[in-house]
Every structure is written in C-alpha cells, then in structure tokens.
Amino acid sequence: MSEKSHIRIRNVNLDFTVYSNRSLSLREVILNPFMARGAQKQSFSAVNDVTFNIEHGERVALIGANGAGKSSLLKIIAGVYPPTSGTLDIRGKITPLIEMGAGFHPELTGRENLFLNGAILGFSRREMQDRLPDIIGFSEIPLHFIDTSIKYYSSGMQTRLAFSLAMELAPEIVIFDEIFAAGDAHFVDKASSRMEQLITAAHIMILVTHDLKLARRFASRCLWLQKGAIIKDGPAAEVLPEYERTMLQTQP
Amino acid sequence: MRIADDLRSLYRYREVLVNLVSADLKLRYRRSVLGYFWSLIHPIMTITIMTIVLTHVVKVSTGTNYVLYVFAGWLPWNFLVNGFWGAGAAIINNESVLRKIYLPKILFPVSVTLARFMDFMINLTALFLILIIISYLQPSLALLGLPIAIVLLFLFTAGVTVALAAVNVYIRDTSHMVTVLMQWGFYLTPIIYDLKQIPDEYRPLFELNPITHIIRLFQTIISKGLFPSAEEWGMGVLVTALALIGGYAVFARLERNLIFRL
C-alpha cells in the first residue's frame, strides 16, 4: 500500500467490431466465408488515440455525452477490454466498482455470494471470515435472510449487500461507473459517507458519471471525452462549467 | 511465457477457483432429497443396466468380469463427457461478471473440469469400496498405477475443456457438435466391449481415437488387474500431452478477443 500508484496510457485505441449476429454460426462459416468475414462486420472506434497520465493522489472524473467512450476507457483501464493498440502502464491494484453485484449468483445464498465475490475482488476466505460480521451488519440484511438464495432478496437488499462488500475493500485504484442508488434514503446517506472514506483512502479514483454534482464533489480533475477522444483535460473547477454550458446548448 | 502467466494467475485466483467449484457442487444437488447421492446412483444404475443388457440380452464377452470392465471404462468416460459438456457454458454463463471485472478466462473451464473431477473421484472411491466389499475386485499391486492414470485423465480432459470453452464463444455450434460427437465417441471407444473384439480392418479407427488410450489404462489396471505396459503408458502420455498442448494453444489464441464475442 505504501508504494505509489499511477496510470499511464499511451495512444490507446479501441475498435469494436460489430457483428450483425455476434457469433458466427457454422453454416455461415462454411457456406459463405466471405460474407462472414466481410459484409456482416462493421467496425467503429470507441476510444480514439487517447493519451494521459493519472498520478498518485488524483481524483478524476470522466465526463462526456452518451457513447463518448467513457465506459469503454474505464474497461480498458480495468483490464476488461484489451486495447486494439497502444500501451497501458498501471501500478496499483485496481478495484472496479463498475456495477455492483455483477458476480452475484442468484441461486447462492447471501453468505456464499459474499465469499465468491470477495474472492473475485481479491479477499481470501479467512479475510472474508473476519469481515463478514461487519459487511452483513452494514448491509442491514436481517440475519435470517443471509443464508437464503439471493434470488429471494429485494433489489434493494441485493444492492446493499453488494455495496457493503465493496466498501470493505481498501483499494489502491478505485474506479466507479455511474454510482448506483443503494436502497432507501437512510442507507444512501450512510453509504455516501462510507464511500467518501473509501475514496479518501484510495491512491487514485476514477469516476464515470453524468451527475455533475457528483463529479464536483469527488473529482479534482476532469477528462472530457467526445467520440472516443479527449477534448479537454484540466481541473474540475474549469472543465465542469464549460461542459455544463456546452451540454445545455446542444440540448433542444 | 503465456503459459507461465496463466498458471500464475490460476494460482493467484485460486480462491475464486475454489469458490466456483464449491458453488457448482453445492448448486447441483441443492433442494433435492437424495442430494449428493444422485451422483452415485447414476453410475450404479448405468453400470447395472449395461451389464444386464450386454451380458444377458446381447451376449458380449470381454473375458473378464463385465461389471468391473464397464466400471473401469465408463466411469472415466463419464467424467470426460461431463467435462466436455460443461465446457460449452463455462465462459458464456459468466458473461455478466467478465464484462465488468477482469478475471482470467481460464478459471471457468478449469473450475468446470475440477467440479466434475470431484464428482468422479467421489464416485470412483465409493464404487471401489463397494466392489471390494462384494469381492468383485481384488486389490492388487497394479492399483499403484491408478493415480497416474487419473492424473492423465484429468489433464487430457482439462486440455480439451479449455479449448472447447473458448471455441464455443466464437462458434456456438460447438457445444451441439460435442453432444453428437460424444454419442459417436461412446461407440468408437471400447467401453462396453473389448478392443480385441473389433475386427482387424476396423481396429485402426479405434486406435486413432485418443480417448481409447486413456480409458484403456483404467481397464488394464482395474479390470485385468495388470500394470499397464510401457506401450500403453506411452500412448496415454502422448495423447494427454497432445490434448493439453493443443487445447491450451487454441485457448491462448482465442482468449484475448473473447470478451468482444460474448
């Protein structure tokens, strides 16, 4: 944890190939190899020659219109998408809080899901055992529910469980994609102060959001993306007002 | 080396692997009354019906105890097939998590193989004890070869499973094709009959089937009570190495862009 974290991105491109039907069926491959390779594919560039550094201690918001490539860029940083070209140099353990509960299995119980997802997020069984009472306590899930399949949970309960697990992490690099509404007003309140602690403790935070209030609150720097490229990079206090003006103008 | 990276990440993510395997095993029998016993009832019933039909109705003779012969061949075959079937869904079923968090894709086919392997080991042990108790099986020194045969079987299956899991993301026909091919495979592998019973002109076909060489090790050890010959071991090791290297090569080639094809 003492080592400094950084993210260095050089000329990163991400081209998506869009297939009219994603998986080629055998028939297509055999009967029409040219069709399958040619006409059905279309390529578009989701991230276009992006270069930037994020240093230890920075709190960055990625902003931009829908489809500007924010989430794709985030997924490249998280290692989910391999970039088509360009290089990544990342130091520090990344914890993606990109949609919580992504790894939840509906048939498993709350407790089993905590162990599975804890492992996915990098906790050993023993570490999870130590943290379990805190996680369950914070989630406010009634104890008689914790050994029930989570498919019987309300969506609020599922989100609370996922959030409580995520908040147990001590991430070096934390990345968020559109922060979730976690349960009722009381829980949201409790959750956001917990999140602030987590962000304060992290080396680097990257946040993708359309909520400018959130960006203003958490980020010190903004990267503004348009059509996969960075068109503005600067202090949040400068970039955000300009972005807001532009967005309001373009709206009918 | 790619393979060193993958082995390292399997180790680094071992907790995930353990959780995936235990979830798989738990979920399969949850809420069923007989629970895990089903995985034992299934082979016992299969071996029973095969023995009745093939020794009393159609008269097949392997020159050895037929129950033992089918047990020795069918149990590893069943593991292999279950592994191959599981492979199709291994990566596809975990799409939602793979789209959000980086996880080495190899975890999923390996976890399927391990879960089916656990089933196999439990069955093997239980049936073994039963066969010894009813004195169908005399423990012999040949059994010392069994652990090696089991390791080869596991590695062979893992190699093929890893490749199938990746290929099926690109070409979804793969899992259907596997079902059909394994149906053929059952008859093209000496499981319910002995390789000796095959007319000479057809024998090369059966010997080209790599699975034959894996299953034969079990039959020699368990059913004949002999330690496999150098040639039998050699063929077993060869087909395992081919499956492992070939399977991994296919996987490694497809892995990088797999996420875009889910």
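Residues numbered from 1 in each chain as written. Chains lettered and ligands numbered in written order. Predicted model: local features only at pLDDT ≥ 70, side-chain atom pairs only at ≥ 80, totals over all residues. Heavy atoms only, no water.

Brief notes about the sheet that holds strand E8 (residues 221-226) of chain A
Residues and elements named next belong to chain A. The six strands lie next to each other as E5-E6-E7-E3-E8-E9, forming an open sheet whose pairing is mixed. Edge positions in the sheet fall to strand E5 (94-97) and strand E9 (229-235), since each of these pairs with one other strand and no more. Put simply, the sheet's adjacent strands are angled 15° from each other on average, direction ignored. In terms of strand pairing, strand E6 (residues 173-177) meets strand E7 (residues 204-208) through five bridges, oriented parallel. Following the sheet pairing, aspartate 177 is matched in E7 by valine 208. Contacts between helix H9 (residues 236-250) and the sheet are confined to strand E3 (59-63), E8 and E9, with E9 contributing the most and set at about 130° to the helix. (Pairing = 2+ DSSP bridges. Helix = DSSP H or I, 4+ residues; strand = E, 2+ residues; numbered from the N terminus. Axes fitted to C-alpha atoms, helices over the stretch in contact; angles between N-to-C directions. Contact = heavy atoms within 4.5 Å.)

Considerations on H9(A)
If you check H9(A), its first and last C-alpha atoms are 21 Å apart, about what 15 residues at 1.5 Å a residue would give, namely 21 Å. Against the buried residues of H9(A) lie E3, helix H8 (212-218), E8 and E9 of chain A. (Expected span 1.5 Å × (residues − 1).)

Quick look at the packing of aromatic side chains
One pass over the structure, following the stated rule, counts 22 aromatic pairs over all chains. Judged by centre distance (6.1 Å) and plane angle (55°), the ring pair of Trp77(B) and Phe186(B) falls under tilted. On the criterion of sequence distance, the pair formed by Trp77(B) in helix H4 (residues 66-90) and Phe186(B) in helix H8 (residues 173-188) is long-range, its members being 109 residues apart. Comparing Trp77(B) with Phe186(B), the two get one shared label, buried. Above the plane of the ring of Phe187(A) lies Arg160(A), whose end atom (NZ or CZ) is 5.8 Å from the centre. The ring of Phe138(A) is capped by Arg194(A), whose NZ or CZ atom sits 4.5 Å from the centre of that ring. (Phe/Tyr/Trp six-rings, centres within 6.5 Å; stacked < 30°, edge-to-face > 60°. Buried < 20%, exposed > 50% of the residue type's maximum accessible area, 1.4 Å probe, protein only. Lys NZ or Arg CZ within 6 Å of the ring centre and 35° of its normal.)

Brief notes about the pattern of salt bridges
Summed over all chains, the structure comprises 22 salt bridges over all chains. Salt-bridge contacts for Arg221(A) lead to Glu58(A); the nearest nitrogen and oxygen are separated by 2.9 Å. In this pair, Arg221(A) is assigned in strand E8 and Glu58(A) in the loop between strand E2 (41-54) and E3, connecting sequence segments 163 residues apart. For Arg221(A), a relative accessible area of 11% corresponds to the buried category. Between Arg194(A) and Glu168(A) there is a salt bridge, and its shortest N-O distance comes to 3.0 Å. Here Glu168(A) lies in the loop between helix H6 (155-166) and E6 and Arg194(A) lies in helix H7 (residues 185-201), a separation of 26 residues in the sequence. The structure contains a network of salt bridges with shared partners spanning Asp24(B), Arg28(B), Arg116(B) and Asp119(B). (Salt bridge = Lys/Arg side-chain N within 4 Å of Asp/Glu carboxyl O.)

Remarks on the environment of Ser111(B)
All names here are of chain B. Within the secondary structure layout, serine 111 lies in helix H6 (residues 107-133). For the pair serine 111 and isoleucine 92, spaced 19 residues apart in sequence, the C-alpha to C-alpha distance is 14 Å. Once residues within four sequence positions are removed from consideration, serine 111 is found in contact with Leu17, Leu20 and Val21. A polar contact of 3.0 Å, which involves the side chain of serine 111, links it to the backbone oxygen of phenylalanine 108. (Polar contact = N/O pair within 3.5 Å; in protein donor to acceptor, adjacent residues only side chain to side chain.)

Points about the confidence of the model for chain B
Here chain B shows a mean pLDDT of 91. Residues at 70 or above account for 100%. With pTM at 0.89, the complex prediction returns an ipTM value of 0.84. (pLDDT = per-residue confidence, 0-100.)

Regarding the packing of helix H5 (residues 125-139) of chain A against H6(A)
Residues and elements named next belong to chain A. Here H5 crosses H6 at 135°, and the two axes come no closer than 9 Å. It follows that H5 is oblique to H6 by the angle criterion. Helix-helix and strand crossings are classified by hand; for H5 and H6 the assignment is right-handed. When H5 is examined against H6, the residues Met128, Ile135, Phe138 and Ser139 are found in contact with a partner set consisting of Arg160, Leu161, Phe163, Ser164 and Leu165. In terms of residue class, the contact of H5 with H6 is made up of six nonpolar, two polar and one charged. (Parallel < 35°, antiparallel > 145°, perpendicular 65-115°, else oblique. Left-handed = near helix turned anticlockwise from the far one by under 90°. Nonpolar A, V, L, I, M, F, W, Y, C, P; charged D, E, K, R; others polar.)

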